[in-house]
Each structure stands twice: as structure tokens, then as C-alpha cells.
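# Overview (structure and organization)
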Amino acid sequence: MDGLGRRLRASLRLKRGRGVPLRDNSGEAVKEPERAQEHYLPSFAGGQHFFEYLLVVSLKKKHSGEDYEPTITYQFPKRENLLRGQQEEEERLLGAIPLFCFPDGNEWAPLTEYPRETFSFVLTNVDGSRKIGYCRRLLPAGRGPRLPRVYCIVSCIGCFGLFSKILDEVEKRHQISLAVIYPFMQGLREAAFPAPGKTVTLKSFIPDSGTEFISLTRPLDSHLEHVDFSSLLRCLGYEKIVQIFASAVLERRIIFLAEGLSTLSQCIHAAAALLYPFSWAHTYIPVVPESLLATVCCPTPFMVGVQMRFQQEVMESPMEEVLLVNLCEGTFLMSVGDEKDILPPKLQDDLLDSLGQKIKELQTPEQINEHVSGPFVQFFVKTVGHYASYIKREANGQGHFQERAFYKALTSKANRRFVKKFVKTQLFSLFIQEAEKSKQPPAGYFQQKILEYEEQKKQKKSKEKTVK
């Protein structure tokens, strides 16, 4: 375990430079060239495999001492006839996963009761693409004291609500036997991941229950399918959420503290999702394993979650310009001090006003997600939504971003000051690089909101002329 921890810590020594994707690799996962163009939690068109592996991770007693070590005790599918390089890559990937399934250390004892936990982790490949581990931790069926077990589904697809439902089905079958899980996962692996708004129906047989039909529906608005803002809203007030957003926009170091793995992973995913249409490209560990706590001393940007039991260790670590968020109390334990002054004042007020409206009327997770995400998308529409007009194209279609003209086009001095800082971030650099390569703006949710905003401005100008 210590050796794996050292390898993982070494992988966090990052290189940073504007326009160059960071090579942070928080799980020593492997390079897969066919996914080289994927960024963090992209919008999937559908048609690919739901998952790459289903793993069962159990606690096994070490040969020396009383401590336990997490170990993969079941793997589906088993890959055979791999080339030597492929086999080494798979071993590195699977070697890292147990540490993230039991991030809370190795001091375990058999239990008779244990509340199930659903959480996730992210492994970043050397090419910048990411794999997500969806985990359900629970006690196996049986009597008497026993150790928790983790069911982990590894996928490159970000769709947390859908995979939570899949884990429900895995848990239901686990109460019977592992043998009943296999045909369900085989059917899932053979099914194509649905397009946004579509449903895939699986037929599954369960002993004593008969044949069941399980429907898995993908949200229509795919840019929010990888997130649930409810936990973030329960833990923090709107002002704190906006200040976290402001810190993330300037790519600072952000640490979340909480007791539960579920709360940590849900809140950190939600915080990263506030940055849409931009992607956090730096160190990103929703739940930091105990052996990787040195990550919080990393001099480069990071967004990590740490269990509350390690609070003292984190507080005593040498850190600079860190925002330390206590999700249990809804407070900041450490901050830079300027978090309220990063965003343009008027746009910050607009954010807070929009977030505070009609929140009690929202009932479904989809309504809550749209209510929270919408104002932040609108913030980016108003500050950088004009980016496409400042990409000058050569005859071959290659674009060149006119940075100076872009921020000078903003009439508000406060907005201009903010954007001059934002264009220097990795967030913006990666986004604008993709825009420079593309011959036309992407037809996505962000572009739709830009067009709606421009139309509103035209209508407003037209009314003003009419009045005159």
C-alpha cells in the first residue's frame, strides 16, 4: 500500500503552462489514445459501452499485523489475450482502484451494522481523459460481524444518477449471490449507452422473482447529467457557493471537508460543474485516500475532498492560498480573503438574486440542477459569450483568438478587469483552443444560451429605438 501511495503521490507532480493541458494523474491510470480528445465529463452522443469494469473490492488482512488491505476479489469482464503493453496498463489501472474504494485508511474491524454509502472517484489518464469509479459500499449478506465490501463500476461516462440506479440493481442482486450480478452486468455491457433523453430497457432474471425489465433513462439536458446540486445546497448557503465558484474560476486550491464519502464526492462534482462550459483540468480527487493527504501541499491548483477525520492533519500542512470548506458546518476554515471581490459586483449580485428565487418551489433533481446551474451559465454568457466573434480564421480554417480585442469589447470596466484575469487561466485556454480548431461554434447548451442572450439584446435595442 505504501508503495502504491508513493507512486500516486509522484504522479501529482504537475507541469503547468498556458495552452498545455496538465498531465495530472491522480490515480496512475493509463493512456488510451482513442480517447485523447475527451475532456472531463463530456457530453456523450450515445452508442458506446456503459462501463469498462465491474469490480468487487474487499478488505483482506495483511500477512503481518492486524491491518486490512483493500483487494479486488472479483472482476468483470476478465480480459484475456492482451498484448504486453495493454496488460501492464490494465494492471496499473486496477492496482490504483482499491485505494480509492477504501480511502479512509486500513484500520477496520468486522461490523454487524454499516450504513451503505454511494460515492465516486476520478482517475486521470496521462492524456487528460478521465475514468470515473462509481462505488456502493455496504456489508455483504450474512450474519455476525463482517467487513464492508465495495461494488465499483468503472466507466469513462459521467452520468451519476443513472449509475446510482445501476448500483441499486447490483445491490439487489448482491443480497442473493455474485452469480446473479453477472448476467445483469453482461446485459448492460451489451446494451448501447442511450442518447440524451432516450431510454434503454434491460431484461434480467432474478431467482424467486422472475424476469424483470429495468429502464435506464438518460437526462435530456446532458450537460447536467453528471451532477446533483442538492448536497451542495444542503451544506452551503448561496454566498459561500458563489465564493467557491469565484475561487475555482481563478484556479485556486480548494479543499472540501466532510464526514461522509457521499457528501464529499457529490459536493466536489457539483462545484466543478458550476464551471460549465469550462472544464477543471488540474488535480481533481473527490475523496483523497489517507496515503495521498500530501496532495494538499501541492503548489499547483487542485480541487479535492478530504474526510473530516483528517482535518487536523490538513490544517497542519504547509499550504498557501487555499480555500478550506467545512461542509458539515457550512463554513470556511481557511480562505485567501478576497473571495467576495473576485467577480464583477453587479454580476455577483445577479447570481445571488437568481439563486435565491423560487427555490422552495423546486421539487425534482432536474429542476434543482437547472435552477443552480442556469445563473452560472448566464454569468459566462455575459462575460465571455462573445468569444466566437474574436477568432480570426485563416484560409485553411485554423483560428487565432484575438485576446486583447476580445476583452476590450466589454463596456463594463469591472467585467473587463475580471475577463483579463480569466483569459490567462487553463480553464479558458483549453476552451479557446477547441474553439480555434472548430470551424464553427459548437451546437451545445452554452451556444444556445449565447444566441438567446444576443436575441434579447437586439429586442431591447429595438424597443429603445421605438420609444425614442
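Residues numbered from 1 in each chain as written. Predicted model: local features only at pLDDT ≥ 70, side-chain atom pairs only at ≥ 80, totals over all residues. Heavy atoms only, no water.

Within an unreviewed UniProt entry, the label attached to the protein reads DENN domain-containing protein 2D isoform X2, and the organism entered is Vicugna pacos.

## Here's the deal with the packing of helix H6 (residues 238–249) against helix H10 (residues 365–384)
Put simply, the rule is: Axes here mean lines fitted to C-alpha atoms, for a helix over just the part in contact, with angles spanning 0 to 180 degrees between N-to-C directions. Counting from the N terminus, the helices are the DSSP runs of H or I reaching at least four residues and the strands are the DSSP runs of E reaching at least two. We call two directions roughly parallel when the angle between them is under 35 degrees, roughly antiparallel when it is over 145, roughly perpendicular when it lies between 65 and 115, and oblique otherwise. With the far helix as reference, a near helix turned anticlockwise by less than a right angle produces a left-handed crossing, and one turned clockwise produces a right-handed crossing. Here a residue-residue contact requires only that any non-hydrogen atoms of the pair lie within 4.5 Å.
Direction vectors running N to C along H6 and H10 enclose 40°, while the axes themselves pass 12 Å from each other. Our classification of the angle between H6 and H10 gives oblique. H6 and H10 meet at a crossing whose hand is right-handed. Counting all contacts with H6, which are made through Ile 241, Val 242, Phe 245 and Val 249, the residues of H10 involved are Phe 376, Phe 379 and Phe 380.

## Some points on the sheet that holds strand S1 (residues 53–61)
Note the cut-off: By the convention used here, strands pair only if DSSP detects at least 2 bridges between them.
An order of S2-S1-S5-S4-S3 is seen for the 5 strands of this open sheet, with the pairing classed as antiparallel. In this open sheet, the two strands that pair with only one neighbour each are strand S2 (68–76) and strand S3 (117–124). The mean angle between the axes of side-by-side strands here comes to 25°, regardless of whether they run parallel or antiparallel. Across 7 bridges, strand S4 (residues 130–138) lies against strand S5 (residues 149–155) in antiparallel orientation. Paired with Cys 135 across the two strands is Cys 152, which belongs to S5.

## Notes on the pairing of S5
Keep this limit in mind: We call a residue buried when its accessible area falls under 20% of the maximum for its residue type, exposed when it is over 50%, and partly exposed in between, using a 1.4 Å probe and counting protein chains only.
Of all the 7 residues making up S5, 6 are buried; the element is thus mostly covered by neighbouring parts of the structure. Pairing analysis gives 6 bridges linking S1 to S5, with the strands arranged antiparallel. Along S5, the bridge assignment pairs Leu 54 with Ile 153.

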